[in-house]
Structure formats: structure tokens, C-alpha cells
Amino acid sequence: MPENWMLPRIFPIGGILFDFLFVLIAIPIEAYLLHYRLKFDKKTSTFYAISINLFSSVIGWFIFFVSEPMLPIQMRAELINYMFFNNFKSPNTQGFLILTAFIIFFATFLMKFFILKILLLSLNEKFLVKKPEEEEAQTSQRRRWRTFGNLKFQSNNLIITVLIANSLSYSAITLILLFSAK
């Protein structure tokens with residue numbers, strides 16, 4: 001482990017509080033969509049929304065803190081300036097910011113989808129353990145194709161639902177950022 005790893009003396013409290021606000025905004029939006037589109041009950045959809053948002057936020061902060069020391073000095077200065085003072089010094093930073101926002105959006109979408117898929121598979125016993133009666137009942141070729149079609153439809157529905165939920169939560173967060181900038 002490198003010797004220069006130490007806790008920072010100044011924490012970006014504003015950035016941390018904004019991230020907490022973003023998670024608090026994203027959870028009800030995504031829980032509602034999981035309840036409405038995937039037909040989960042409200043408690044289950046809220047649990048899944050909390051889980052995917054907290055896990056993706058932790059993974060995102062981890063990636064940020066690992067990749068930040070690798071940035072060039074100019075980009076690090078712009079990043080620190082934005083985190084502490086909420087403005088940019090260089091005019092060409094905004095184009096890079098838009099590209100970074102698209103990358104973060106799609107990376108978050110993929111993280112949330114895979115986290116939700118893992119949670120669904122790990123917390124739902126009927127996917128993991130099949131009863132002997134069910135195995136015998138699914139021997140016909142027609143039922144296997146029907147089950148495969150249902151799983152494919154559920155997977156597509158899950159992808160679309162997570163994409164819509166992520167889009168709506170990011171839209172709400174973008175509106176808050178626009179209002180806070182003025």
C-alpha cells in the first residue's frame with residue numbers, strides 16, 4: 001500500500017450532502033417505478049430502490065476516489081474548484097463535463113441493473129431452488145419455450161424499467177442542480 005494514502009484534511013461536505021440529497025430524491029422515484037412497472041409490493045420496491053441506489057453510490061464514490069489521483073493536474077484543479085466552490089475556471093471544461101455526465105449516467109444504469117438482477121436472484125428462492133414436482137412438470141418442450149419467453153420478457157421489462165427509473169431520477173437531480181446554480 002502506498003505511503004502517501006492518508007485521510008484528507010478538508011472534506012467536500014457540500015458534495016457529500018448533495019449526493020445524500022440525490023439519493024433521497026432517487027429512491028422514491030425509482031421505488032414508485034419498480035412498484036408500478038414490475039408489480040412489486042411497496043415494501044419490496046422500496047427495499048430494492050434503496051439497495052440499488054446505495055450500492056451504486058458507494059461504488060461510484062469508490063471509483064471517483066480511485067480515479068481522481070490519476071487525473072491530470074489541470075483536471076484535478078477544475079474538479080476541486082467545482083467540488084468546493086461550485087464553479088469552473090476553464091471555459092472548455094463544460095464540454096468535458098457533458099461527456100462525463102453521459103458516461104456516469106450509463107455506468108450508473110448498468111450498475112443499477114446488475115445490482116437489481118443480483119438482488120432478485122439472490123433474494124428470491126424460487127429462482128435458486130426448484131421443487132421436484134416443478135422439474136417434472138416442466139419437461140414438455142412447449143413449456144420450456146414458454147418459460148424461456150417469459151424470462152426473456154421479464155429481463156427486457158427489467159432493463160426498460162431500470163432505464164426509465166434512472167432517467168427520471170437523473171432528470172430530477174438535473175433540475176435541482178439547475179435551480180441550485182441560480
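Residues numbered from 1 in each chain as written. Predicted model: local features only at pLDDT ≥ 70, side-chain atom pairs only at ≥ 80, totals over all residues. Heavy atoms only, no water.

This brings us to the nonpolar core. Membership of the largest hydrophobic core comes to 17 residues, with the highest contact counts inside it found for Leu34, Phe40, Tyr48, Leu116, Leu120 and Leu158. If you list the elements that add at least two residues to this core, you get α1 (13-38), α2 (42-67), α4 (93-123) and α7 (141-181). It is α4 that provides the largest number of residues to this core, a total of 6 residues. With residues near it in sequence (within four places) discarded, Phe40 still touches Leu34, His35, Ser45, Tyr48 and Leu120. (Core = buried A, V, L, I, M, F, W, Y, C linked by side-chain atoms within 4.5 Å. Buried < 20%, exposed > 50% of the residue type's maximum accessible area, 1.4 Å probe, protein only. Helix = DSSP H or I, 4+ residues; strand = E, 2+ residues; numbered from the N terminus. Contact = heavy atoms within 4.5 Å.)

Turning our eyes to something else, we now look at the packing of aromatic side chains. By the definition in use, this model includes 8 aromatic pairs. Ring plane angle 85° and centroid distance 5.3 Å describe the contact between Phe105 and Tyr170, whose orientation is recorded as edge-to-face. With Phe105 in helix α4 and Tyr170 in helix α7, the pair connects residues that are 65 residues apart, well separated along the chain. Looking at Tyr170, the relative accessible area reads 24%, which means it is partly exposed. Residue placement shows Lys39 over the ring face of Tyr36; its charged tip is 5.5 Å from the ring centre. (Phe/Tyr/Trp six-rings, centres within 6.5 Å; stacked < 30°, edge-to-face > 60°. Lys NZ or Arg CZ within 6 Å of the ring centre and 35° of its normal.)

What follows deals with helix α3 (residues 73-85). The first and last C-alpha atoms of α3 sit 18 Å apart over 13 residues, in line with the 18 Å expected at 1.5 Å per residue. Asn86 sits one or two residues past α3 and shows a positive phi near 60°. (Expected span 1.5 Å × (residues − 1).)

Rolling a probe over the atoms, with the probe sized like a water molecule, indicates the empty space that remains. Summed over all chains, the structure comprises 1 cavity of 30 Å³ or more. By volume, the largest cavity is sized at about 40 Å³. If you list the elements that add at least two residues to the lining of the largest cavity, you get α1 and α7. Residue contributions to the lining of the largest cavity peak at 3 residues, all from α7. (1 Å grid on protein atoms, 1.4 Å probe; cavity = no way out; pocket = protein on both sides within 12 Å on 5 of 7 lines; lining within 4 Å. Points joined across faces, edges and corners; volume = space filled by probe spheres on them.)

Let us look at a nonpolar patch on the surface. Taken together, Phe55, Ile59, Phe62, Ile63, Val66 and Met70 make up a surface patch of nonpolar side chains, about 610 Å² in accessible area. Within the secondary structure layout, Phe55 lies in helix α2. Using a relative accessible area of 46% as the deciding quantity, one classes Phe55 as partly exposed. (Patch = residues over 30% accessible without salt bridge, like charges linked within 9 Å, V, L, I, M, F, W, Y side chains within 5 Å. Areas by Shrake-Rupley, 256 points an atom, 1.4 Å probe, with all protein chains shown as cover. Salt bridge = Lys/Arg side-chain N within 4 Å of Asp/Glu carboxyl O.)

Moving on, we get to the confidence of the model for the protein chain. In this model, the protein chain carries an average pLDDT of 78, and 75% of its residues clear a pLDDT of 70 or more. pLDDT under 50 marks residues 125-130. Its contacts with residues more than four places away, or in other chains, come to 7 contacts. (pLDDT = per-residue confidence, 0-100.)

Another aspect to go through is the pattern of salt bridges. Following the criterion strictly, the structure yields 2 salt bridges and no others. The salt bridge involving Glu30 is made with Lys112; its shortest N-O contact spans 2.6 Å. Residue Glu30 is located in helix α1, and its partner Lys112 is located in helix α4; the two are separated by 82 residues in the primary sequence. As far as the burial class goes, Glu30 and Lys112 line up, both buried. When the shortest N-O distance is used, the salt bridge between Arg76 and Glu68 registers 3.0 Å. Taking relative accessible area as the criterion, Glu68 reaches 15% and is therefore assigned buried.

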